[in-house]
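# Residue-level structure breakdown
Here's the letter readout for the chains.
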Amino acid sequence: ADRAQGVANLLVTRRLTVKLEKASLDDLVDYLRAATGINIFVHKGRMQKDGVDPDSIQVDLDVKDVTAAELLKLALVGVDVGFRTEGNVLIVTSKKDARGKPVLRIYSVAHLLVPIRDFPGQDMNVYPSNYEPPEAPEPEVVQTYESSEQLAELVRTFTGEGTWEDEGVRITVFRNHLFVRTYPFVHEEIQNLLDELPR
């Protein structure tokens, strides 16, 4: 874990300026190895398995003072290639492989489904002794989300773009819980979304 954290830190702290014209993926990787000192493995076999021809990738890039991670992302825009860390190695592979394996996490959403009653405050006006006040209105019930299924659809719409059709990825609803099997980075998106929803 410490070695992986070291690679991650280098990716976000090492700043680079580079100009590449019609460079191959191997050229890009050779440059990054020399500029950062990071061990990099290009998983060409996995790329080919997932329908990517690594030898056809061409990189045109002219950037100044960007992090190594930003450089990689910019260089790989438009191709189905991503990267992940494993120990002290940065692995360049297909996006599907870079996502990792889906993991299960359970989200309790009961707090988003409980109706909240809005009770009007006491009327403090002074009236004559024979005044009869009108009947008090019924408390208004506010409930933004009608069901766990509605929240599940919200999660599918605003998180994990392009991943919900992947094998092993799914959302199951049971009472006031969402059982979500997806990638770690999507779980972060889901948690952020649920934290931001009005309660």
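Residues numbered from 1 in each chain as written. Predicted model: local features only at pLDDT ≥ 70, side-chain atom pairs only at ≥ 80, totals over all residues. Heavy atoms only, no water.

Bringing the environment of Leu28 into the picture now. Looking at the secondary structure, you find Leu28 in helix α2 (residues 25–36). Taking the C-alpha atoms as reference, Leu28 lies 8.3 Å from Ala75; in sequence the two are 47 residues apart. For Leu28, the contacting residues outside a window of four places in its chain are Leu20, Val59, Leu71, Leu72 and Ala75. (Helix = DSSP H or I, 4+ residues; strand = E, 2+ residues; numbered from the N terminus. Contact = heavy atoms within 4.5 Å.)

Counting residues in hydrophobic clusters, the biggest one holds 29 residues, and the most contacted among them are Leu25, Leu28, Leu32, Val59, Leu61 and Leu71. Of all elements in the fold, only α1 (2–13), β1 (15–24), α2, β2 (39–42), β3 (58–67), α4 (68–75) and β5 (89–94) reach the threshold of two or more residues within this core. The dominant element in this core, judged by the number of residues it contributes, is α4, at 5 residues. (Core = buried A, V, L, I, M, F, W, Y, C linked by side-chain atoms within 4.5 Å. Buried < 20%, exposed > 50% of the residue type's maximum accessible area, 1.4 Å probe, protein only.)

Overall, antiparallel pairing links the 3 strands, which are arranged β6-β10-β9 in an open sheet. Only two strands of the sheet have a single partner each, and these edge strands are β6 (103–108) and β9 (170–174). Pairs of neighbouring strands in the sheet enclose a mean axial angle of 20°, with direction left out of account. Where β6 lies against strand β10 (residues 177–182), 6 bridges are found, and the strand directions are antiparallel. Residue pairing in the sheet places Leu104 in a bridge with Arg181 of β10. (Pairing = 2+ DSSP bridges. Axes fitted to C-alpha atoms, helices over the stretch in contact; angles between N-to-C directions.)

All right, on to unusual backbone geometry then. The phi angle at Lys22 is positive, at roughly 50°, despite the residue not being glycine. Topologically, Lys22 is positioned in strand β1. A relative accessible area of 65% places Lys22 in the exposed class.

A separate point is the sheet that holds β2. The strand order across the open sheet formed by 3 strands is β2-β5-β4, and the pairing between neighbours is mixed. Strands at the two margins of the open sheet, each flanked by one partner only, are β2 and β4 (81–86). Adjacent strand axes in the sheet meet at a mean angle of 25° when their direction is disregarded. Relative to β5, β4 runs antiparallel, the two being bridged by 6 bridges. Each residue of the ladder has a partner; that of Gly82, found in β5, is Thr93.

Alternating positions in β10 separate cleanly, Leu178, Val180 and Thr182 being buried on one face and His177, Phe179 and Arg181 remaining unburied on the opposite face. In this structure, β9 lies alongside β10, joined through 5 bridges in antiparallel fashion. Pairing of Ile171 across the sheet is with Val180, part of β10. In sequence, β9 turns back onto β10 through a hairpin of 2 residues, with Arg175 there showing a positive phi of about 50°.

At a minimum axis distance of 12 Å, the contact between α2 and α4 shows a crossing angle of 175°. The angle between α2 and α4 falls in the class roughly antiparallel. Side by side, α2 and α4 meet where Leu28, Tyr31, Leu32 and Thr36 of the first sit next to Ala68, Leu71, Leu72 and Ala75 of the second. Considering only residue class, the contact of α2 with α4 consists of 7 nonpolar, 1 polar and no charged. (Parallel < 35°, antiparallel > 145°, perpendicular 65-115°, else oblique. Nonpolar A, V, L, I, M, F, W, Y, C, P; charged D, E, K, R; others polar.)

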